[in-house]
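As a plain string of letters, each chain reads:
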Amino acid sequence: MVEITRRDLVATGAAAPVVLSSASFAGAATVPSAAAETTVAPRERLLFDFGWKFAFGHGSDPAKDFGFGMGQGDFAKTGEFAFAKPGFDDSAWRVLDLPHDWAVELPFVKDDDAKGDSQLRSHGYKPLGRRYPETSVGWYRHEFDIAAADLGRRITLECDGAFRDVLVFVNGCFIGRNTNGYAPFRFDLSDFLVYGGKNVIVLRVDASFGDGWFYEGAGVYRHMWLTKTDAVHLGRWESTVRPSLNGNTATLALATVVQNRDRQPAAAKVSWVIRDAAGKTVATAQSEHTVPADGAAEFGASAAIADPQLWSPDAPNLYTATVTVSTGGKARDGEVVTFGVRTAVFEADKGFLLNGKVLKIQGTCNHQDHAGVGAALPDALQRFRLSVLQEMGCNAVRTSHNMPAPEWVEACDRAGVMMLCETRLMNSNPEGMAQLEAMIKRYRNSPSIILWSIGNEEWLLQDKMAEQGVKIAATMVQRCHELDPTRQVTAAVNGDNEKGVSDSLDVIGFNYGEDRPDGFHKRHPQRPVVGSETSSAVSTRGEYTSDPKRNTVNSYDGVVQWGKTPEAWWNFYGTRDWLAGGFAWTGFDYRGEPTPYGWPSISSQFGIVDMCGFPKDYFYYYTAWWRKEPSLHLFPHWNWAGKEGQEISVWVYSNLDAVELLVNGKSLGRQDVPRLGHVQWKAVYAPGAIEARGYKGGKLVLTEKRETTGPAVALRLTADRTAIAADGEDVVLVKVEALDARGRAVPTANDKLAFQVTGAGRLIGVGNGDPNCLESDKQPARSLFNGLAQIIVQSTKQSGSIRIGALALDGKLKPGALVVRTKAAKPRPSV
Ligand code: GAL
């Protein structure tokens, strides 16, 4: 068990009335749901998410694993796998849509025999791993038609990521295997398909092994695609657009690869049409070559954009390059590459410079799961999560510790959030290099990515195996440079940055140990430094005491042994010019790695916001010092029945000059706010109100009040958007609160609720941000936790309206309801 710093605070239980303002959701609403990959005819990219059949197999008993592994014959001859042929009885299998994470559907398990097997705990007490064979293998099956006219095209299965060990079978044939949980994989199915008939695809997904030490989900938790291309087509992730700025002109180095699966050479022309965000063509280029039969050829050209609109967090301007390959004047294949024009460089004495100007990285590290849905995030939820982080002034995210989903990168490109993009496996073996290559090739056109990371905290490679660490890192860094000469490379190192892994890095990444960068900088003044991982502060939303019996951490200054409060780490990274800034661990709470407590904690408490995205008080430290607008946040709440006459610590985060605190109308004095700090008082509790008044230049600028509320009498539902797309994918996030008779949110309400969703939507998950809550994420019911709960509702493909209702199980609260419209939307082309 990790020890945490505790302060002897008087308060117990309870909550802060922290709610997202409507501004929190700005930017989440309007971005179209199409992922960045857009195609040009005749290429088709069909979403392969809908109507899968699913069943659990078994990790050790072939009889319960659809006969897989029974006898030796199935791999011996091609085409023998009966479960992947028409006629196999899957009538008992459940129907579902992807993305799907079965781990989040499982009950929480306390298994005292699992000591020594850290998997259960790492996965937030979800029974995955070799000890739980019944729930660690999932089978996905789909029957689909392929038109006779598709004969001669290349038909490829593409999956953006699945957890973890995936075997793919089509029409009885074994096709291939993928053995990691984060990199996309693809298989050319063309030879195995029945043209003009029924086809069967089966994926056996085995989550018995983990890739990390945190919750990773299980199953096909990202999108699946079926791509159809002409025999002459562009190579996968080979189209690159590399802008460089010379004065007022951006020169674009354009490149791609054309593959020719025909028996004749192809005299091919590649053309590039560059458009600005308004769709206006700003440049064109072309290149011609003969591509050998059954071969490939590289194509390149250059183009220029006069007076380009640069990409930055303030103005995330994007351009597109439509890349088309044609032969004999006829388009054979094409794709649209989204890119931005910007420069991004880390320097030893200036930190980080975007477009030539110093910009401090105000970053957060994040895992990829959310309340209710685990790792299977609908695209709209990715955008929602990013908008929450942006709301607190976060301008960069680190994809700790794995290759991200395309929609997370796309959301960053569009919203203007920078990204430190990290691969999972730090290893120069074939698997490690394949993961690294997939990441760089897939995302190298994205302007949000400012730095690659080849790994995180490789204890041995930094120390006892430093000699190998030097070599492994050098091989990986060199490959990064080959695939992407425009970006620098780092690794997140906790320990010695002067040997092993760090040797060949362009940018030195420090995890924790805030006393170390100063000495390092003195000894190595020529090496750029970033805080790849910092803070590890912990807090429980709405709690103000650290209580190991209740597994709560106070919201004032909770932090793990090796960590720092937001105030402490930012006072270090925010005040040294040569430091690029850093990435706090973590933006969102995440399942698994329960810290600082074990069972019944099923998640970490590192988040600046909880698993639903509801802000904890630390959020407002960042709003004060990461955003420019005047800000003021007063806490705790003022519902302390039973504590009358006792002292309560009252804190204010603000970027104003001075703050005055009033308790029940009486001033406790005005205090100057230290730069990058906070102010605090001890106030004697009596029901009523506390009020903070913030001054700038002697003028009253902001006030905030916390009032003692009455008991909860009603429920209120608030949606992040009033209308969503009727495309079967979009989601609305509904916040549920309890109100007192005067309509004030009750920060201590913990009522048990039930939900009902009717009309053109379905409930896909619920949460409340409580790290110790063992209630199901999938049932239409949830307790409020310190005043809040979240319902996630997905549209169907019918336009109309969704009615979402909530009631208290004991019938004591007036039910709440709201209606969300679903607007007719063209669903993405799908299988
Ligand atoms: C770091 C690690 C993270 C997380 C964190 C908790 O050492 O990189 O993944 O475990 O500690 O503080």
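What you are looking at is a predicted structure, and each value in this text was computed from that prediction instead of being measured.

A. Representation of the overall build of the protein in the model. If you tally the helices and strands in the protein, you get 9 helices and 46 strands. Taking 28 Å as the expected radius of gyration for a compact globule of 831 residues, we find that the protein reaches 27 Å, a close match to that expectation. Dimensions of the protein, computed from the C-alpha atoms along their principal axes, are close to 90 × 65 × 55 Å. Here the analysis covers contacts within the protein between residues at least 6 apart in sequence; of these, 71% occur between residues at least 24 apart. Surface summary for the protein: the accessible area is close to 29,900 Å², and the carbon and sulfur share equals 51%.

B. Spotlight on the site of the ligand. In the neighbourhood of the ligand, the contacting residues comprise Trp-213, His-401, Asn-456, Glu-457, Tyr-512, Glu-533, Ser-536, Trp-562, Trp-585, Glu-593 and Phe-606. In this structure, an oxygen atom belonging to the ligand sits 3.0 Å away from a side-chain N or O atom of Trp-213. With respect to the ligand, the side chain of Trp-562 contributes an N or O atom lying 2.9 Å from an oxygen atom. Residues belonging to the shell around the ligand are distributed by class as follows: 5 nonpolar, 3 polar and 3 charged.

C. Structural context of the UniProt feature "domain: Glycoside hydrolase family 2 catalytic" (unreviewed entry) in the protein. The positions UniProt marks with the feature "domain: Glycoside hydrolase family 2 catalytic" (unreviewed entry) are residues 349-514. Note that residues 349-514 is 36% helix and 23% strand, and that its end C-alpha atoms are spaced 18 Å apart.

D. Molecular detail of the sheet that holds strand E23 (residues 361-365). What the 8 strands build is a closed barrel, ordered E23-E24-E25-E26-E27-E28-E29-E30; its pairing is parallel. The sheet shows a mean angle of 25 degrees between the axes of neighbouring strands, taken without regard to direction. In the sheet, strand E25 (residues 418-422) pairs with strand E26 (residues 449-456) via 4 bridges, with the strands oriented parallel. Note on E26: the bridge partner recorded for Leu-420 is Leu-451.

E. Focus on the pattern of salt bridges. Following the criterion strictly, the structure yields 51 salt bridges and no others. Taking the shortest distance from any N to any O, the salt bridge between Asp-369 and Arg-591 comes out at 3.8 Å. One end of the pair, Asp-369, is in the loop between E23 and helix H2 (379-391); the other, Arg-591, is in the loop between strand E30 (579-585) and helix H9 (618-626), with 222 residues separating them in the sequence. We classify Asp-369 as buried; its relative accessible area is 1%. Arg-479 is paired through a salt bridge with Glu-482; the nearest N and O atoms lie 2.6 Å apart. Note that Arg-479 and Glu-482 are positioned in helix H6 (residues 466-483) at a spacing of 3 residues, about one turn of the helix. When its relative accessible area of 46% is taken as the criterion, Glu-482 is described as partly exposed. One continuous salt-bridge network, built from bridges that share partners, spans Glu-44, Asp-150, Arg-153 and Lys-228.

F. Just the packing of helix H4 (residues 430-443) against H6, in detail. For the pair H4 and H6, interaxial distance at closest approach is 10 Å and the crossing angle is 30 degrees. Considering their axes alone, H4 and H6 lie roughly parallel with respect to each other. As for how H4 packs across H6, the hand of that crossing is right-handed. Each of Met-433, Leu-436, Glu-437, Ile-440 and Lys-441 in H4 lies in contact with H6, whose residues at this interface are Thr-475, Met-476, Arg-479, Cys-480 and Leu-483. Of the residues belonging to the contact of H4 with H6, the class tally is 6 nonpolar, 1 polar and 3 charged.

G. Inspection of the packing of aromatic side chains at higher detail. A complete count under the given rule lists 49 aromatic pairs for this structure. Aromatic side chains Phe-66 and Trp-93 sit 4.8 Å apart centroid to centroid with 40 degrees between the ring planes, which places their arrangement in the tilted category. One end of the pair, Phe-66, is in the loop between strand E3 (52-56) and strand E4 (94-96); the other, Trp-93, is in the loop between E3 and E4, with 27 residues separating them in the sequence. An angle of 70 degrees between the planes, with centres 6.3 Å apart, marks the rings of Phe-163 and Tyr-182 as edge-to-face. Of this pair, Phe-163 sits in the loop between strand E6 (154-159) and strand E7 (165-170) while Tyr-182 sits in the loop between strand E8 (173-179) and strand E9 (185-188); the two residues are 19 residues apart in sequence, bridging distant segments of the chain. Of the residues examined, Tyr-182 reaches a relative accessible area of 2% and is grouped as buried. Above the face of the Tyr-215 ring, Arg-591 is positioned so that its terminal group lies 5.6 Å from the ring centre. One Lys or Arg, Arg-670, reaches over the ring of Tyr-695 and ends 3.6 Å from the middle of that ring.

H. Spatial organisation of the pairing of E25. E25 sits mainly inside the fold: 5 of its 5 residues count as buried. Here E25 shows no split at all, with Met-418, Leu-420 and Glu-422 on one side and Met-419 and Cys-421 on the other all buried. As paired strands, strand E24 (residues 396-398) and E25 are joined by 3 bridges and run parallel to one another. Bridged to Val-397 within E25 is Met-419. Following the chain from E24 across helix H3 (residues 406-415) to the adjacent parallel E25, one finds a crossover that is right-handed. Taken together, E25, H4 and E26 constitute a β-α-β crossover, and its handedness is right-handed.

I. Examining the sheet that holds strand E35 (residues 679-684) more closely. Strand order in the open sheet formed by 3 strands is E31-E32-E35, with antiparallel pairing between adjacent strands. Unpaired on one side and paired on the other, strand E31 (632-635) and E35 mark the two borders of the sheet. Strand-to-strand twist across the sheet, computed as the mean angle between neighbouring axes with direction ignored, equals 20 degrees. Contacts from H9 reach E31 and strand E32 (647-654), with the element oriented near 35 degrees to E32.

J. Structural context of the environment of Lys-85. Following the sequence through the fold, Lys-85 ends up in the loop between E3 and E4. In the structure, Lys-85 is positioned 646 residues away from Val-731 in sequence and 35 Å away in space, judged by C-alpha atoms. With near-sequence residues (within four places) excluded, Lys-85 lies in contact with Gly-79, Glu-80, Arg-141, Asn-171, Gly-172 and Val-200. Only 2.7 Å separates the side chain of Lys-85 from the backbone oxygen of Gly-79, close enough to count as a polar contact.

K. Representation of the side chain of Arg-782 in the model. If you trace the backbone, Arg-782 turns up in strand E43 (residues 781-783). Of the side chains bearing the opposite charge, Asp-777 lies closest to the buried Arg-782, which forms no salt bridge; the N-O distance is 4.2 Å. Of note is the side chain of Arg-782, whose polar atom sits 3.1 Å from the backbone oxygen of Glu-775. Side-chain polar atoms of Arg-782 contact the backbone oxygen of Ser-776, separated by 3.0 Å. Setting aside anything within four residues of it in sequence, one finds Arg-782 in contact with Asp-751, Lys-752, Leu-753, Phe-755, Val-766, Gly-767, Asn-768, Cys-773, Glu-775, Ser-776 and Asp-777.

L. Seen up close, helix H8 (residues 566-573). By the burial criterion, the buried members of H8 are Pro-566, Trp-569, Trp-570, Phe-572 and Tyr-573. For H8, the arc enclosing every buried residue in end-on projection is 155 degrees, short of the 170-degree limit, so these residues lie on one face. Buried-residue contacts for H8 involve E23, strand E28 (507-511), helix H7 (516-523), strand E29 (529-535), E30 and H9.

M. Region of interest: the pairing of strand E21 (residues 351-354). Relative to E21, strand E20 (residues 344-347) is paired through 4 bridges, and the arrangement is antiparallel. When the bridges of E21 are listed, Phe-346 appears paired with Phe-352. What sits between the antiparallel neighbours E20 and E21 is a turn of 3 residues. Here E21 pairs with strand E22 (residues 357-358) via 2 bridges, running antiparallel. Among the inter-strand pairings, Leu-354 is bridged to a residue of E22, identified as Lys-357.

N. Geometry of the environment of Ala-304. Position of Ala-304 among the secondary structure elements: in strand E17 (residues 295-306). Distance in space between the C-alpha atoms of Ala-304 and Asp-740 is 62 Å, their sequence separation being 436 residues. Not counting chain neighbours up to four residues away, the residues in contact with Ala-304 comprise Thr-249, Ala-250, Thr-251, Val-282 and Ala-283.

Cut-offs and rules
Residues numbered from 1 in each chain as written. Predicted model: local features only at pLDDT ≥ 70, side-chain atom pairs only at ≥ 80, totals over all residues. Heavy atoms only, no water. Helix = DSSP H or I, 4+ residues; strand = E, 2+ residues; numbered from the N terminus. Rg over C-alpha atoms; globule rule 2.2 N^0.38 Å. Contact = heavy atoms within 4.5 Å. Areas by Shrake-Rupley, 256 points an atom, 1.4 Å probe, with all protein chains shown as cover. Near = heavy atom within 4 Å. Polar contact = N/O pair within 3.5 Å; in protein donor to acceptor, adjacent residues only side chain to side chain. Nonpolar A, V, L, I, M, F, W, Y, C, P; charged D, E, K, R; others polar. UniProt positions renumbered as here; feature names shortened; annotations may be inferred. Pairing = 2+ DSSP bridges. Axes fitted to C-alpha atoms, helices over the stretch in contact; angles between N-to-C directions. Salt bridge = Lys/Arg side-chain N within 4 Å of Asp/Glu carboxyl O. Buried < 20%, exposed > 50% of the residue type's maximum accessible area, 1.4 Å probe, protein only. Parallel < 35°, antiparallel > 145°, perpendicular 65-115°, else oblique. Left-handed = near helix turned anticlockwise from the far one by under 90°. Phe/Tyr/Trp six-rings, centres within 6.5 Å; stacked < 30°, edge-to-face > 60°. Lys NZ or Arg CZ within 6 Å of the ring centre and 35° of its normal. Right-handed = clockwise from strand over helix to strand, strands pointing away. Lys, Arg positive; Asp, Glu negative; His and termini not counted. Arc of directions from axis to C-beta.

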